[in-house]
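So the chains spell out like this:
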Amino acid sequence: MSAWLHRTTFRKCTGRSTKLTDMGIPKENLAQGERIILQRHPHWKCLVAPMLVFVIATGTAGVLAGLASDKLDGTARTWALGTVLVIWLGMAGWFLVRPLLSWKTTHFVVTNKRVIFRNGIITRSGNDIPLPRINTIEFQHGLIDRMLHTGSLVIESASDEPLTFDNIPEVERVHALLYQEALDDASGA
């Protein structure tokens, strides 16, 4: 059994009391008889660029702090080191902490009745697509996405414009699972 299927099955069978998983979808948000089939955060590739920026900013801050310590004395050194620290903290917050929180608070969930998408750090937004309203399910991924087992999922519902969900891990399996759930729902299973 693949790790992806094992995680999905494990989360479905654990029966935690307040939340179904550690992903943040409370039981109160589910309809009676609704069960979670799959939960996902965006793919980890979304965090690569923020991590690189953080490493570069940290290295640059270290070099600037070292130069300030060698070349300056007294109050000038204190001000220079303080300035470097404040700029580094600002960059770390904006380019690392914010993307990490955004990643952690973005959820793509498939239940036996609907597709749920939630995102947002301070203000939250989301979409719910009932399975009977789904007309078309597509996935898209390029060469890099194929190597990383990720991609975009495009869901077209009965009356709305197609919705694209980017950076879905294991997008082909999610596509197949969602298609199967839509077929099961249509057949009344």
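Residues numbered from 1 in each chain as written. Predicted model: local features only at pLDDT ≥ 70, side-chain atom pairs only at ≥ 80, totals over all residues. Heavy atoms only, no water.

**Comments concerning the nonpolar core**
Nonpolar side chains in soluble globular proteins generally cluster together in the buried interior. The cut-off we apply is this: The term nonpolar core refers to a set of buried residues drawn from Ala, Val, Leu, Ile, Met, Phe, Trp, Tyr and Cys, joined through side-chain atoms within 4.5 Å. Three labels apply to residues, based on accessible area from a 1.4 Å probe with only protein chains included: buried if under 20% of the type maximum, exposed if over 50%, partly exposed otherwise in between. Only heavy atoms enter the contact rule, under which two residues are in contact if any of them lie within 4.5 Å.
Core analysis: the largest hydrophobic core is formed by 19 residues, its most contacted members being F108, V115, I134, L153, I155 and L178. The residues contacting L178, other than those within four sequence positions of it, are V110, V115, L131, I134, I137, L153 and I155.

**Focus on the packing of aromatic side chains**
Put simply, the rule is: Two aromatic rings, drawn from Phe, Tyr or Trp (for Trp, its six-membered ring), form a pair once their centres lie within 6.5 Å of each other, and the interplanar angle then sorts them: stacked below 30 degrees, edge-to-face above 60, tilted otherwise. Counting from the N terminus, the helices are the DSSP runs of H or I reaching at least four residues and the strands are the DSSP runs of E reaching at least two.
For the structure on display, the rule yields 3 aromatic pairs. Their ring planes at 50 degrees and their centres at 5.1 Å tell us that F117 and F165 sit as a pair that is tilted. On the criterion of sequence distance, the pair formed by F117 in strand β3 (residues 114-119) and F165 in strand β7 (residues 163-169) is long-range, its members being 48 residues apart. There is no split in this pair, since F117 and F165 are both buried.

**A word on a nonpolar patch on the surface**
Basically, it comes down to this: By definition, no residue in a patch forms a salt bridge, and every one has over 30% relative accessible area; like charges are joined within 9 Å, nonpolar side chains (Val, Leu, Ile, Met, Phe, Trp, Tyr) within 5 Å. Note that accessible areas follow from Shrake-Rupley with a 1.4 Å probe, and for residues the cover is restricted to the protein chains shown. Each salt bridge in this description consists of a side-chain nitrogen of Lys or Arg and a carboxyl oxygen of Asp or Glu lying within 4 Å of one another.
A cluster of nonpolar side chains, contributed by V53, I87, M91, W94 and F95, occupies part of the molecular surface with about 450 Å² of accessible area. With 4 residues, helix α3 (residues 74-104) is the single largest residue contributor to the nonpolar patch. Relative to the elements of secondary structure, W94 occurs in helix α3.

**As for α3**
The test is simple: Expected span of a helix: the number of residues minus one, times 1.5 Å.
With 31 residues, α3 ought to run about 45 Å at 1.5 Å a step, and its terminal C-alpha atoms sit 43 Å apart, in line with that. Listing the buried residues of α3 in full gives A80, V84, A92, L96 and P99.

**Here's the deal with the pattern of salt bridges**
Taken as a whole and judged by the stated rule, the model has 5 salt bridges. In this structure, the salt-bridge partner of D128 is R114, at a minimum N-O distance of 2.6 Å. Of this pair, D128 sits in strand β4 (residues 125-130) while R114 sits in strand β3, and the two are 14 residues apart along the sequence. Taking the relative accessible area as the measure of exposure, D128 reaches 35% and is therefore partly exposed. For the salt bridge of R173 with E170, the shortest nitrogen-to-oxygen distance reads 3.7 Å.

**Overview of the confidence of the model for the protein chain**
Here is the rule we go by: The quantity called pLDDT is the predictor's confidence in a given residue, expressed from 0 to 100.
Overall, the predicted model of the protein chain reaches an average pLDDT of 85, with 86% of residues at or above 70. Ignoring residues within four places in sequence, the model shows residues 1-22, a span with pLDDT below 50, making 35 contacts including any to other chains.

**Observations regarding a negative patch on the surface**
Rules: Asp and Glu count as negative and Lys and Arg as positive, but His and the ends of the chain are not part of the count. Charge placement uses NZ in Lys and CZ in Arg. For Asp and Glu, CG and CD serve respectively.
Together, E138, E156, D160 and E161 make up a negatively charged patch on the protein surface. Checked against the element boundaries, E156 lands in strand β6 (residues 150-157).

**Regarding the side chain of S157**
Topologically, S157 is positioned in strand β6. Residues in contact with S157, not counting those within four places in the same chain, are I129, R133, I134 and N135.

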